[in-house]
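The chain contents come next:
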Amino acid sequence: MPHHSPSKLDAAAATRLLAWYHAHRRAMPWREQPTPYRVWLSEIMLQQTQVATVIPYFERFLARFPDLPALAAADEQAVLKLWEGLGYYSRARNLLKAARQLMAKHGSQFPETFDGLRTLPGIGDYTAAAVASIAFGEAVPVVDGNVLRVYTRRHVLADDITRPQTRAAVFATLQAWFKHLPSTTVFGDLNQALMELGAMVCTPRNPQCGNCPWATTCAARAAGTPEAYPVKRAKAAVPHYQVAVGVVWRQGKLLIAQRRPEQMLGSLWELPGGKQQPGETLAATVRRELREETGLVVKVGAELATVRHAYSHFRITLTAFTCHCPSGRARPLASAAVRWVRPAELAQLPFPTATRKLFPAILLPIDGA
Ligand code: SF4
């Protein structure tokens, strides 16, 4: 059986990859003027999110908060509102925290090194390496899912990429490669080239090896086994929850509750409700949750709408019920706040995507009333 030893990462590998990148890279708004602020914002948005989804969010965000001082002075609800629909909302809250920290303790400047950036809220190895290399030219590699796929294929590395040790080993090998390249190398471009290669050519299915600048030096291609890499531990089954929420109107206003900041979807608004417990009907869930969350005793009426939504670690089916509750004061017993709002105000507040999906069905009776 032929043995396909992977070709060393050398200066020629960098030259070929960079030439390919300069010929084929996609235009992206943050690639045009890679200031630290723009690179940082784009990299935070790009965590867990596709480029095409990020572009309009990035542009809206920059129009509203063009620089660090503008962002640091922002209201958290305004930041969350601009993030609405992008998911992983702790990214938005950390963005604001980091901006305020930079203004207060760093003289409104970004630290210029990987280690310095790593100390900011919401900045892990990936983002620190991306900002340090792209905005400041530091020779530090980015190791994301795209890079791991390209690397494990080129080097037929069969280690489980979900293990931190595997990521650390890939980081160390790429770091050693970077250190041996000429100091004139544009390391930000080299990182972006690796990520772009993974996104555009070395794709999870049907990689376009014929168009790859590393085709002649890739061990998986030589072996005819690119799709065998990367190796990942099988994911645990994703749990599914039934969630029921109450639609309570009073004098033309709808009752909403704000999630506590430390919760998932923290500081976003939602309809009061929660997870169905064993042996409970969904109507009973709504009654119990309304009492526990707001202190209101409600009479549960018609089912208004059901939507499904998938999060990273679980899925939900969300059902909204009309609730009648003529009296009693709503109190924030399990949330940060409760409010009665007019339908027109809903557009100004940040809501999770699943809750937003319910609005057309919920607001319909009001239009007809
Ligand atoms: S030759 Fe194919 S498998 Fe190897 S790095 Fe290029 S696209 Fe990926």
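Figured I'd write up the structure that's included with this text. (Residues numbered from 1 in each chain as written. Predicted model: local features only at pLDDT ≥ 70, side-chain atom pairs only at ≥ 80, totals over all residues. Heavy atoms only, no water.)

## Section: empty space enclosed by the protein
Taken as a whole, this structure holds one cavity of 30 Å³ or more when the rule is applied. Residue lining of the largest cavity: 15 residues in total, with R153, C202, C209, C212 and C218 positioned closest to the centre. Counting only elements with at least two residues in the lining of the largest cavity, the list comes to α10 (145-154) and α13 (219-223). Broken down by element, the lining of the largest cavity gets its largest block of residues, three residues, from α10. (1 Å grid on protein atoms, 1.4 Å probe; cavity = no way out; pocket = protein on both sides within 12 Å on 5 of 7 lines; lining within 4 Å. Points joined across faces, edges and corners; volume = space filled by probe spheres on them. Helix = DSSP H or I, 4+ residues; strand = E, 2+ residues; numbered from the N terminus.)

## Notes on helix α12 (residues 187-200)
The first and last C-alpha atoms of α12 sit 20 Å apart over 14 residues, in line with the 20 Å expected at 1.5 Å per residue. In terms of burial, α12 is a largely internal element, twelve of the 14 residues being buried. Among all positions of α12, only F187, G188, D189, L190, N191, Q192, A193, L194, M195, E196, L197 and G198 are buried. In the core, the buried residues of α12 are packed alongside α1 (11-24), α2 (29-32), α9 (125-136), α10 and α11 (164-180). (Expected span 1.5 Å × (residues − 1). Buried < 20%, exposed > 50% of the residue type's maximum accessible area, 1.4 Å probe, protein only. Contact = heavy atoms within 4.5 Å.)

## Observations concerning helix α3 (residues 36-46)
Counting buried positions along α3 yields ten of eleven residues, so the element is predominantly enclosed. Taken together, the buried positions of α3 are Y37, R38, V39, W40, L41, S42, E43, I44, M45 and L46. Structurally, α3 contributes buried residues whose contacts are with α2, α4 (51-64), α5 (68-72), α6 (76-83), α7 (90-105) and α9. Positioned one or two residues after α3, Q48 has a phi angle of 65°, which is positive.

## Let's talk about the layout of surface pockets
Of the pockets and cavities examined, the largest pocket occupies roughly 1600 Å³. If you trace the largest pocket, you find 44 residues lining it, with Q48, T49, D144, G145 and N146 closest to the centre. In terms of residue count, α10 provides more of the lining of the largest pocket than any other element does, five residues in total. Among the residues forming the lining of the largest pocket, the class breakdown is 21 nonpolar, ten polar and 13 charged. Within this model, the second largest pocket holds a volume of roughly 530 Å³. (Nonpolar A, V, L, I, M, F, W, Y, C, P; charged D, E, K, R; others polar.)

## Examining the nonpolar core
In terms of nonpolar packing, the biggest core is built from 103 residues, with W40, F61, L71, W177 and W214 touching the most fellow members. One finds A244, L296, V300 and V338 within the second-largest nonpolar core, a separate group that totals 15 residues. (Core = buried A, V, L, I, M, F, W, Y, C linked by side-chain atoms within 4.5 Å.)

## What to know about the site of the ligand
In the region of the ligand, the neighbouring residues are R153, V201, C202, C209, C212, A215, C218, R221 and P226. Most atoms of the ligand, that is more than half of them, are within 2 Å of grid points of the largest cavity. Here the residues of the shell around the ligand sort into seven nonpolar, no polar and two charged. (Near = heavy atom within 4 Å. Sits in = over half its atoms within 2 Å of the grid points.)

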